[in-house]
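Observations on chain architecture
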Amino acid sequence: MAALPFSTPCRHSNSPLHHNSKSSFTGFSQRHNIWQLFAIKKSNSRRAIRKLYVKNVASDKKRELKDPPTEDTFNEFIPDSASIASSIKFHAEFTTPFSPEQFELSKAYFATAESVRDSLIINWNLTNDYYERMNVKQAYYMSMEFLQGRALLNAIGNLSLSGPYAEALRKLGHNLEDVANQEPDAALGNGGLGRLASCFLDSLATLNYPAWGYGLRYKYGLFKQHITKDGQVEVAENWLEMGNPWEILRNDVSYPVKFYGEVISGPNGSKQWVGGENILAVAYDVPIPGYKTRTTINLRLWSTKVSPEEFDLRAYNSGDHTKAYAVMNNAEKICYVLYPGDESIEGKTLRLKQQYTLCSASLQDIVARFEKRSGKRVNWDTLPDKVVVQMNDTHPTLCIPELIRILMDVKGLSWEKAWNITKRTVAYTNHTVLPEALEKWSLTLLQDLLPRHVEIIRRIDEELIHEIIAEYGTGDLDLLEQRFKKMRILENIEFPNSVLELLNIKTDTPTVDSVEEIDVDDNEIKATEKKEKEEEEEEEEEEVRFKVDLKLPMMVRMANLCVVGGFSVNGVAAIHSEIVKEEVFNEFYKLWPEKFQNKTNGVTPRRWIRFCNPDLSKIITKWIGTEDWVTDLEKLAILRKFADNEDLQLEWIEAKRRNKIKVASFLKEKTGYAVDPNAMFDVQVKRIHEYKRQLLNIMGIVYRYKKMKELSAKERKEMFVPRVCIFGGKAFATYVQAKRIVKFITDVGATINHDPEIGDLLKVVFVPDYNVSVAEMLIPGSELSQHISTAGMEASGTSNMKFAMNGCILIGTLDGANVEIREEVGEDNFFLFGARAQEIAGLRKKRAEGKCVPDPRFEEVKAYVRSGVFGPYNYEELMGSLEGNEGYGRADYFLVGKDFPSYLECQEEVDKAYRDQKRWTKMSILNTAGSYKFSSDRTIHEYARDIWRIEPVKLA
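Predicted, not measured: the structure shown is a model, and the values here were computed from it.

In this section: the nonpolar core. One finds Trp302, Ile460 and Trp948 to be the most contacted residues of the largest nonpolar core, which totals 160 residues. With twelve residues, helix H4 (residues 105–134) is the single largest residue contributor to this core. Not counting residues up to four positions away in its chain, the partners in contact with Trp948 are Lys137, Ala139, Tyr141, Leu204, Val388, Gln390, Ile940 and Tyr943.

Listed below in structure tokens is the structure:
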């Protein structure tokens, strides 16, 4: 019998069974798909080992499932701590990749994770089988990142087994928290894009929506960040070094992926992509459990390899080992690193290979699943009724030409049919307004790597041009040319002949007809010559108008392709969606207004309150009167009526104090800096980027420090509230300016933290290797969180939502989701500063014209930095970026200097509010109470209703 969808491979321990042992082992039998205990007497006989293999049904692919699972059989048995302890002991002996001598923390973690995975597999099989039987429409979320964090505590929390697992581990001599801390964060993402994707999977499972995620299995992640005296140093992640107990390798699920080669045309107009480089994408499945539901969906990750036949044994034996491994290395390196450096052509090629591998393998899998569910008669017209593919940003853009290729070249559909089906199947989420993040690829590179896809993209571009002409006509060619420049998928690439003919632009040299002499008047000749000359000038003007500039590169605009090929385009916050419609894709919005909508991001309240902040969770449950808020976050609004209650405020303060003590201990362990838990904890943790303006934050701290140094000890204490300023985040390895900012922050911290005059009045700490687990530690203990990007440049942000949920007060600009958070929590409970989005363009223009007058305080800070007070490092490049009126890397493009005075004044308001702890605590409560809108459950309901058109499917 074929293996169940989530059946686990058998992995025997490499140790012999202990002779004469009388102890028994227990494991989980899946005969009735419940947790069922069985005892096996240990023996060193081969016969006994074979019996053990047979009885361990969870590990036996060959055993037939005689009794299909039902709701009743599942509910017959709920594991207690004793059965869980037995299961952990079983896995410790037979399935962990550790030697049997000691039951140490690392081994305890693996055995515990394998134990939890058993129940996830049962639920996954039930979920998948039910979806297959019901043939439901399913959403497929495609993303280059899934920043999951640790899985153990989240999984047992969702299964409502935290207590039994904690008790079971106590019986085995371990603490659950210590065991959980052995788990490395899955290095499958970097920032908000990947964290959002993981929150969405949690909500999809919790709300019982039929969906899967698709991504890549990065062996070394983005990088592990070390902080040295020289700043950030990148080393490879090692999260897979000891194996990953949550994933299931699917050797029977693999798909060919092709690069390079050529396209051959068949006699009937068909196309065949042949030759080139061929690799295999192999599936690894990760079960994603919902909260207090049996629904368990799947995250399918692809790893790349080639078949063993590709290994050049002859070259190896002749000593040319590099050649022998070349093909294998070429394939495997595709999934080595997230976002490899793309400064070189090799780096660009590797990134493009990653994106195509994700799209091709995933779509082949989706199509295969659709065909399987359809049975013998496949009606391709119904594909959009059963499948919807959500592209998380532009990285999966190649889904559009790839789906067309599969439908045309593999399944034999016509262009019209394939294009129509694709446009009804694929949807696009835009996550950025930054021009450099709206991906463009070299046409030459794409043509070389994916020749068939370039043919398809050219056809889509041609269809788009014809639609634009049909909509607007050819009356105003200047206006039409401007539309083409903004809307075409192909940038600086010649127009197709069909378009040139439509525009009456000659494509070749005209033939000269024979003429015969006739008598004409001289005036008629002159008039005719004049008219011909005018017509020639007009034609020349038109030809110049629509000519390409050979000096400029030929590019493919992926974001434009997403808009053209998708049936839906959504932004991720109200202000961002308006910018998308009015600025980024305005011409498309005018053409297809029905495509555009907003879906404000959200975060899962399970991970980001319930599990990471148990102290606050208990308080919320007590005062609301129910724990239902975990899946119905609108109930948080009930807290508003208790915001002035002294008993609640005292409990709230105590919970925050306990969390701050944990943070202080964590900072000491990770950085060596001791901080005072009684100080305000002021946090900015996110990817390091100039538009996120960590530079504004640290310049404000420098100003604060300078003012402190000018005062006596007594005056300092009277004027300033003690603060611990915490930073965290990674700068991309090739982003030099961002790495300078990291270096600057750490240098400022090293100076201030060792200044005996300042003491605990001000500390600056940079937490290395910021990730989900670090966030789960820092956020519950934070009191002020900085979300201070240049207005109009942050699409949404999600960390701002997590901080608000945990009662942290925000200081920020009117950017991204800040706008909506401020509306929900109340204007008095949000510290606002800075220029507005609609002012930014005018301010930059004013700067370019030399009309900007710098604030004296800002000039004072720059001079102070240049004085060398923070060490010998030359910060001229960093300070210089804030000066001048024009030029790349100059002119303060992100308006740090412009917003600096407003920022300082707002920070004074923060100090004033913090001194009044009753007021501050009320503000904190109201932030939590007003954060209910920002649950990913709400976001997913909106995607399901407005874009995907899918319904919840509860197992029956």
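With that out of the way, let us pick up the confidence of the model for the chain. Of the residues in the chain, 88% have a pLDDT of 70 or more, and the chain-wide mean is 89. Taken together, the stretch residues 1–74 has pLDDT below 50 and engages in 140 contacts with residues farther than four places along the chain or on a different chain. Confidence drops under pLDDT 50 across residues 509–515; counting only partners more than four residues distant or on other chains, this segment forms zero contacts.

This part covers the UniProt feature "modified residue: N6-(pyridoxal phosphate)lysine" (unreviewed entry) in the chain. Under the UniProt annotation, the feature "modified residue: N6-(pyridoxal phosphate)lysine" (unreviewed entry) is placed at Lys802. Looking at the element boundaries, Lys802 is found in helix H30 (residues 799–805). What makes Lys802 buried here is its relative accessible area of 7%.

A word on helix H21 (residues 574–584). Within H21 the residues assigned to the buried category are His576, Ser577, Ile579, Val580 and Lys581. Turning to H21, the residues buried within the fold contact strand E17 (569–571), helix H22 (586–591) and strand E18 (596–598).

Overall, antiparallel pairing links the three strands, which are arranged E14-E16-E15 in an open sheet. Bordering the open sheet on either side are strand E14 (440–442) and strand E15 (490–491), each of which pairs with just one other strand.

A separate point is the pattern of salt bridges. Taken as a whole, this structure holds 68 salt bridges when the rule is applied. Of the charged contacts, one joins Lys707 and Glu860 as a salt bridge, the two residues approaching to 3.0 Å between their closest N and O atoms. Separated by 153 residues along the polypeptide, Lys707 in helix H26 (residues 694–709) and Glu860 in helix H33 (residues 856–866) bring together distant segments of the chain. The exposure class assigned to Glu860 is partly exposed, which follows from its relative accessible area of 25%. One salt bridge connects Glu883 with Lys862, and the closest N-O pair in it is separated by 3.1 Å. Of this pair, Glu883 sits in the loop between helix H34 (876–880) and helix H35 (896–915) while Lys862 sits in helix H33, and the two are 21 residues apart along the sequence. Each member of the pair, Glu883 together with Lys862, is buried. If you follow the salt bridges from partner to partner, you end up with Glu859, Lys862, Arg866, Glu876 and Glu883 in one network.

Turning next to the packing of aromatic side chains. Tallied over the full model, the rule gives 37 aromatic pairs. Aromatic side chains Tyr141 and Phe200 sit 5.7 Å apart centroid to centroid with 75° between the ring planes, which places their arrangement in the edge-to-face category. One end of the pair, Tyr141, is in strand E3 (residues 138–142); the other, Phe200, is in helix H8 (residues 192–206), and 59 residues separate them in sequence. The positively charged end of Arg369 is found above the aromatic ring belonging to Trp212, 3.7 Å away from the centroid. Seen from the ring of Tyr893, Arg844 lies directly overhead, with NZ or CZ sitting 3.7 Å from the centre.

Counting buried residues along strand E10 (residues 277–289), eleven of its 13 residues qualify, which places the element largely inside the surrounding structure. Relative to E10, strand E7 (residues 248–259) runs antiparallel, the two being bridged by nine bridges. Its bridge partner lying in E10, Tyr255 is registered against Ala281. Linking E10 back to strand E11 (residues 296–305) in an antiparallel pair, the connection comprises six residues, with Lys292 at a positive phi of about 55°.

In an α-helix there are 3.6 residues to a turn, and that puts residues three or four apart on one side. End to end, helix H25 (residues 646–671) covers 37 Å across 26 residues, agreeing with the expected 38 Å (1.5 Å per residue, within 8%). Among the residues of H25, Leu648, Gln649, Trp652, Ala655, Lys656, Asn659, Lys660, Val663, Ala664, Phe666 and Leu667 are the ones counted as buried. Capping the start of H25 is the job of one residue whose side-chain oxygen sits 2.9 Å from the backbone nitrogen of Asp647: Asn645. Just beyond H25, the residue with positive phi is Gly672, at close to 85°.

This paragraph deals with the sheet that holds strand E13 (residues 426–429). Overall, mixed pairing links the nine strands, which are arranged E7-E10-E11-E4-E3-E12-E13-E17-E18 in an open sheet. Since the sheet does not close on itself, it has two edges, and those belong to E7 and E18, each with one partner. The mean inter-strand angle of the sheet, taken between neighbouring strand axes irrespective of direction, is 25°. Summarising the sheet, strand E4 (residues 211–216) and E11 pair through five bridges and their orientation is parallel. For Trp212, the partnering residue across the bridge sits in E11 and is Asn298. Together, E3, E4, E10, E11 and strand E12 (387–392) form the strand contacts of H8, whose direction differs from that of E10 by roughly 55°. Running over the sheet, H21 touches E17 and E18 and is turned about 165° from E18.

Criteria and cut-off values
Residues numbered from 1 in each chain as written. Predicted model: local features only at pLDDT ≥ 70, side-chain atom pairs only at ≥ 80, totals over all residues. Heavy atoms only, no water. Core = buried A, V, L, I, M, F, W, Y, C linked by side-chain atoms within 4.5 Å. Buried < 20%, exposed > 50% of the residue type's maximum accessible area, 1.4 Å probe, protein only. Helix = DSSP H or I, 4+ residues; strand = E, 2+ residues; numbered from the N terminus. Contact = heavy atoms within 4.5 Å. pLDDT = per-residue confidence, 0-100. UniProt positions renumbered as here; feature names shortened; annotations may be inferred. Pairing = 2+ DSSP bridges. Salt bridge = Lys/Arg side-chain N within 4 Å of Asp/Glu carboxyl O. Phe/Tyr/Trp six-rings, centres within 6.5 Å; stacked < 30°, edge-to-face > 60°. Lys NZ or Arg CZ within 6 Å of the ring centre and 35° of its normal. Expected span 1.5 Å × (residues − 1). Polar contact = N/O pair within 3.5 Å; in protein donor to acceptor, adjacent residues only side chain to side chain. Axes fitted to C-alpha atoms, helices over the stretch in contact; angles between N-to-C directions.

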